[in-house]
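# Remarks on the overall topology
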Amino acid sequence: MPESIKPLWNWEKVRNEAIPEGVPLYRAALAKEFPATADRIKALFGWFGSGEGPWTGFGSYETIPEALLLDFGSPDLVAAAQTENLTEAQSEGAARLFSGWSFSRDRADDLKTLPVDLKKKLLNHVLKTSDKDKLARAKQAFSSS
């Protein structure tokens, strides 16, 4: 979780609300901590990619970084994901976002136009796991077509 969000985080509200009312505060805090769009996206990729479990069947609070990421247009998300120095968590978050249900449902056309080199980069990242669900989702999203 980015440092700017920690003081705003309320576990009780997060557990009881699908998208907590504090999300606008999170956006403002992130913009202050990371003024550059790409840095903000990479911080959110890192947060979204830091879960210890599967990409499905997770705690609802994990939808918060996804919702914050989906505030950005696909070109900004792609540009941030294409940077060379992504951490493992950031790569995981990018792969999770682009191969996730929300992105494929709401931005199916954008998914089809992901650059081939980005697809390869994200697929190679996911191939390091033995999680069959992650592998299946990544192969479906990032297969060359």
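Residues numbered from 1 in each chain as written. Predicted model: local features only at pLDDT ≥ 70, side-chain atom pairs only at ≥ 80, totals over all residues. Heavy atoms only, no water.

### Describing the overall build of the protein chain
Defined as follows: Strands here are runs of E lasting at least two residues and helices are runs of H or I lasting at least four, both read from the DSSP assignment and numbered beginning at the N terminus. Burial status follows relative accessibility: with a 1.4 Å probe on protein chains alone, a residue under 20% of its type maximum counts as buried, one over 50% as exposed, and anything between as partly exposed. Only the protein chains shown count as cover for residues, and the accessible areas themselves come from Shrake-Rupley with a 1.4 Å probe.
The helix and strand inventory of the protein chain stands at 10 helices and zero strands. Classification of the 145 residues of the protein chain by burial places 43% in the buried group. Accessible surface computed for the protein chain: about 7800 Å², of which carbon and sulfur atoms make up 53%.

### Let's talk about helix α5 (residues 74-81)
The cut-off we apply is this: Comment: arc refers to directions from the helix axis out to C-beta atoms. Note on contacts: a residue pair qualifies if any of its non-hydrogen atoms lie within 4.5 Å across the two residues.
When we look at burial in α5, the residues that qualify are S74, L77, V78, A80 and A81. The arc that holds every buried residue of α5, seen down its axis, measures 165°, which confines them to one face. Contacts from the buried residues of α5 go to α3 (37-48), α4 (63-69), α6 (88-98), α7 (101-106), α8 (108-112) and α9 (116-126).

### Some thoughts on α9
For α9, the full list of buried residues reads L118, K119, L122, L123, H125 and V126. Projected down its long axis, α9 carries its buried residues within an arc of 155°, all on one side. With respect to the buried face of α9, the exposed residues turned more than 90 degrees away are V116, D117 and K120. Where α9 is buried, its residues meet α5, α6, α8 and α10 (132-142).

### A short note on the pattern of salt bridges
To keep things clear, this is the line we draw: Salt bridges are defined as contacts in which a side-chain nitrogen from Lys or Arg sits within 4 Å of a carboxyl oxygen from Asp or Glu.
The final tally for this structure, using the stated rule, is seven salt bridges. Of the charged contacts in the structure, one is a salt bridge between R105 and D106, with a shortest N-O distance of 2.6 Å. Its relative accessible area of 46% is what places R105 among the partly exposed residues. Accessibility expressed as a relative area gives 47% for D106, which makes it partly exposed. Note that D133 and R137 form a salt bridge whose closest N and O atoms lie 3.0 Å from each other. Of this pair, D133 and R137 both sit in helix α10, separated by four residues, roughly a single helical turn. Overall, the relative accessible area of 26% leaves R137 in the partly exposed class.

### Observations regarding the environment of S91
Inspection of the secondary structure assignment puts S91 in helix α6. Separated by 35 residues in sequence, S91 and V126 place their C-alpha atoms 8.7 Å apart. Setting aside anything within four residues of it in sequence, one finds S91 in contact with L86, L122 and H125.

### Things to note about the nonpolar core
Worth spelling out the cut-off: Throughout, nonpolar core names a set of buried Ala, Val, Leu, Ile, Met, Phe, Trp, Tyr and Cys residues whose side chains join them through atoms within 4.5 Å.
Ranked by internal contacts, the top residues of the largest apolar core, which has 35 residues, are F45, L68, L69, L77, L97, F98 and F142. For this core, the elements supplying multiple residues, two or more each, are α2 (23-33), α3, α4, α5, α6, α9 and α10. With six residues, α3 is the largest single contributor of residues to this core. When sequence neighbours within four positions are dropped, the list of residues in contact with F98 reads F45, L77, V78, A81, F103, L111, L114, L118, L122, A141 and F142.

### Points about the packing of α5 against α6
For any two helices packed against each other, the geometry is given by the interaxial angle and the distance between the axes. So the rule is basically this: Orientation is described by lines fitted to C-alpha atoms, with helices fitted over the stretch in contact, and by angles between N-to-C directions that extend from 0 to 180 degrees. Put simply, a crossing is left-handed when the front helix is turned counterclockwise from the back one by less than a right angle, and right-handed when it is turned clockwise. Classification convention: Asp, Glu, Lys, Arg as charged; Ala, Val, Leu, Ile, Met, Phe, Trp, Tyr, Cys, Pro as nonpolar; all other residues, Gly among them, as polar.
Close contact between α5 and α6 brings their axes to 10 Å; oriented N to C, the two are set at 145°. When the axes of α5 and α6 are compared, the crossing they make is left-handed. Along its contact with α5, which presents L77, V78 and A81, the element α6 presents A94, L97 and F98. Here the residues of the contact of α5 with α6 sort into six nonpolar, no polar and no charged.

Such coordinate-based values are descriptive only and should not be taken to indicate function.
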